[in-house]
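Here are the chains, one letter per residue:
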Amino acid sequence: MDTLSIIVKAIFSENMIFAYFLGMCSYLAVSKTVKTAAGLGMAVIFVLVVTVPINYLLENFVLKQGALVWLGDEFAGYDLSFLSFIMFIAVIASIVQLVEMIVEKFAPALYGALGIFLPLIAVNCSILGGALFMQERQYSTIGEATAFAFGSGIGWFLAIVAIAAIREKIRYSNVPAPLRGLGITFIITGLMGIAFMAFMGIEF
Amino acid sequence: MSEMQTAMKSKEPLFSKKNKKLITDPLSDNNPITIQVLGICSALAITVQTQQAIIMFVSVLFVMVMGNLTISVMRSLIPSRIRIIVQLVVVASLVIIVDQTLKAFQPDIAEKLSVFVGLIITNCIIMGRFEAFAMANKPWPSIMDAVGNAVGYGWILIAVSLVREVFGSGAISIPGAGQMKFIPEAWLMTGEGGFYLHNNMMILPPMALVVVGVIIWVQRMRNKALIEDH
């Protein structure tokens, strides 16, 4: 698999929202206007691209069976993969905190745009989902893992911006009262998901 | 939330009216999925078969009850600045227990649930209840609250998966017993006759969203107070 194919696959046929429903909570809660949706989308891309490679290194040099062999031959039999959940979530929570502080210090404009969304992202399923899919699919290099993270982030960004745009427009339509708000958002996301299934089977 | 303060009074019977309300509220009018919009990710992804939904429900019930209890017991010891990390560590350790147990006793289902067991960690219902309830309440009401919310989450999960499995594959599955098909082979449309076709749309992931959308629709039709502006 080359890098481009991983990116395209992660954006379209294995879209985080439409194929796996990861990060739905913030997707539904923060998609009322395009501007905030785009801000959150950018933050997700950013955090995914930073955390997935770090978790990839952690997985391959600490957690996987035999990963500790660089410490010496007697460590070859160790399998710490049962610790992966707690390690991944700790990495994500601390990186998010760190990224928030760095961005605040060195890029105040970016902080203004992403600021309020960054803490939310530590508990966004798509970030942990990215790390767990990376572990399950066993990408062979760190480049491939990063490409996957980038593609997933872009896919998430596209999905949330699209639904926010639709929700802005749907305000002027006559939706049945009980379906307004959450209900219609669910059904539209379902229809968008069906449309995205057209990308299935695309291989480069 | 007003019930939070009232639940803190100490001399209450174990199943007082307030405590019962903690359980019954999340079942309909304050349902975590359809009203509070929490925990959607896993609710949608694992509802192709009933058995996965049931296993997921039991896992979430376990993690929520134990987690709410732990956080509630430790609530005065947790510094508020790092509470999110403490909460994450508590959930993550409980989820590791669930994951290892599933891998040992239900390996097939554990494989089908794949990453979604791990994603219980970021299931917003759990973090949401820790933040909103367990951090401010005594252990017993916290357990009640956890049970209520987990069951409110579970029944939506099981309802959605029933619809999807019955119409999508003409079967019902129970953990341990496997999948039971109830549509006779002779009915199925094949080359030589038959009239019945499975609705394959139902197996596709997007249909979970539509089914939940319909549940929300019905619920808000029955209770007009829940209708949103836009």
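Residues numbered from 1 in each chain as written. Chains lettered and ligands numbered in written order. Predicted model: local features only at pLDDT ≥ 70, side-chain atom pairs only at ≥ 80, totals over all residues. Heavy atoms only, no water.

Draft legend 1. The arrangement of the overall build of chain A in detail. When helices and strands are counted, chain A shows 9 helices and 0 strands. In chain A, the succession of helices and strands from N to C terminus is α-α-α-α-α-α-α-α-α. With the C-alpha coordinates of chain A rotated into their principal frame, the extents come out at 70 × 45 × 30 Å. Burial statistics for chain A: of 204 residues in total, 52% are counted as buried. Considering only intrachain contacts with a sequence separation of at least 6, the fraction spanning at least 24 residues in chain A is 74%. Carbon and sulfur atoms make up 69% of the accessible area of chain A, which totals about 8,900 Å². (Helix = DSSP H or I, 4+ residues; strand = E, 2+ residues; numbered from the N terminus. Buried < 20%, exposed > 50% of the residue type's maximum accessible area, 1.4 Å probe, protein only. Contact = heavy atoms within 4.5 Å. Areas by Shrake-Rupley, 256 points an atom, 1.4 Å probe, with all protein chains shown as cover.)

Draft legend 2. View of the interface of chain A and chain B. Between chain A and chain B, the contact holds 41 residues from the first and 44 residues from the second. When the two sides are added together, the surface that chain A and chain B hide from each other amounts to roughly 3,700 Å², 84% of it contributed by carbon and sulfur. There are 0 salt bridges connecting chain A and chain B. Counting across the interface, chain A meets chain B through 0 residue pairs in polar contact (both at pLDDT 80 or more). By residue number, the principal contributor to the side of chain A that touches chain B is helix α9 (residues 182-196) of chain A, which donates 8 residues. Here the residues of the side of chain A that touches chain B sort into 28 nonpolar, 9 polar and 4 charged. (Buried area = accessible area lost by both parts, 1.4 Å probe. Salt bridge = Lys/Arg side-chain N within 4 Å of Asp/Glu carboxyl O. Polar contact = N/O pair within 3.5 Å; in protein donor to acceptor, adjacent residues only side chain to side chain. Nonpolar A, V, L, I, M, F, W, Y, C, P; charged D, E, K, R; others polar.)

Draft legend 3. Main features of a nonpolar patch on the surface. Residue and element names in this part refer to chain A. A cluster of nonpolar side chains, namely Leu57, Phe61, Trp70, Leu71 and Ile142, defines an oily patch on the protein surface of about 500 Å² accessible area. On the secondary structure map, Leu57 appears in helix α3 (residues 34-63). A relative accessible area of 39% places Leu57 in the partly exposed class. (Patch = residues over 30% accessible without salt bridge, like charges linked within 9 Å, V, L, I, M, F, W, Y side chains within 5 Å.)

Draft legend 4. Representation of the pairing of strand β1 (residues 171-174) of chain B. All names here are of chain B. Along β1, the buried face is formed by Ala171 and Ser173; none of Ile172 and Ile174, which line the opposite face, is buried. Where β1 meets strand β2 (residues 178-181), 4 bridges bridge the pair, whose relative direction is antiparallel. Bridge pairing in β2 links Ile174 to Gly178. If you look at the hairpin formed by β1 and β2, you'll find 3 residues sitting between the two strands, and Gly176 has a positive phi there, around 95°. (Pairing = 2+ DSSP bridges.)

Draft legend 5. Region of the structure containing the packing of helix α5 (residues 83-105) of chain B against helix α8 (residues 124-132) of chain B. Residue and element names in this part refer to chain B. Their axes nearest at 11 Å, the elements α5 and α8 cross at an angle of 130°. Classified by the angle between their axes, α5 and α8 sit oblique to one another. By crossing handedness, the relation of α5 to α8 is classed as right-handed. Residues Arg83, Ile84, Gln87, Leu88 and Val91 of α5 pack against Ile126, Met127, Phe130 and Glu131 of α8. Grouping the constituent residues of the contact of α5 with α8 by class yields 6 nonpolar, 1 polar and 2 charged. (Axes fitted to C-alpha atoms, helices over the stretch in contact; angles between N-to-C directions. Parallel < 35°, antiparallel > 145°, perpendicular 65-115°, else oblique. Left-handed = near helix turned anticlockwise from the far one by under 90°.)

Draft legend 6. Representation of helix α7 (residues 125-137) of chain A. Residues and elements named next belong to chain A. Compared with the 18 Å implied by 1.5 Å per residue over 13 residues, the 17 Å span of α7 between its first and last C-alpha is a close match. Here α7 lies mainly inside the structure; 11 of its 13 residues are buried. Listed as buried for α7 are Cys125, Ser126, Ile127, Leu128, Gly129, Gly130, Ala131, Leu132, Phe133, Met134 and Gln135. Looking one or two residues beyond α7, the residue adopting positive phi is Gln138, at roughly 50°. (Expected span 1.5 Å × (residues − 1).)

Draft legend 7. Local environment of empty space enclosed by the protein. The full count for this structure, using the stated rule, is 3 cavities of 30 Å³ or more. Within this model, the second largest cavity holds a volume of roughly 40 Å³. Around the second largest cavity sit Cys125 of chain A together with Gly39, Cys41, Ser42, Phe116, Leu119 and Asn123 of chain B, which together line it. For the lining of the second largest cavity, the class distribution of residues is 4 nonpolar, 3 polar and no charged. (1 Å grid on protein atoms, 1.4 Å probe; cavity = no way out; pocket = protein on both sides within 12 Å on 5 of 7 lines; lining within 4 Å. Points joined across faces, edges and corners; volume = space filled by probe spheres on them.)

Draft legend 8. Structural context of helix α1 (residues 3-11) of chain A. What α1 of chain A keeps buried is the set Ser5, Ile6, Ile7, Val8, Ala10 and Ile11 of chain A. Looking at the packing, one finds that the buried side of α1 of chain A touches α8 (142-170) and α9 of chain A.

Draft legend 9. Local environment of the environment of Ala43 of chain A. Residues and elements named next belong to chain A. Along the polypeptide, Ala43 turns up in helix α3. Judged by relative accessible area, which is 0%, Ala43 ranks as buried. Separated by 75 residues in the primary sequence, Ala43 and Leu118 place their C-alpha atoms 6.5 Å from one another.

Draft legend 10. Seen up close, the layout of surface pockets. What the largest pocket holds in volume is close to 800 Å³. As for the largest pocket, its lining consists of 37 residues, of which Pro119, Leu120, Ala122 and Val123 of chain A together with Ile84 of chain B are closest to the centre. Mapped by element, the contributors of at least two residues to the lining of the largest pocket are α2 (24-29), α4 (84-106), α6 (118-121) and α9 of chain A together with α5 and α8 of chain B. By residue number, the principal contributor to the lining of the largest pocket is α5 of chain B, which donates 5 residues. Looking at side-chain class alone, the lining of the largest pocket contains 20 nonpolar, 10 polar and 7 charged residues. Here the second largest pocket is characterised by a volume of approximately 550 Å³. Lining the second largest pocket are 23 residues, with Ser84, Gln135 and Glu136 of chain A together with Asp99 and Lys103 of chain B sitting closest to its centre. Elements supplying a minimum of two residues to the lining of the second largest pocket: α3, α4 and α7 of chain A together with α5, α6 (107-113) and α7 (115-118) of chain B. Here the residues of the lining of the second largest pocket sort into 8 nonpolar, 8 polar and 7 charged.

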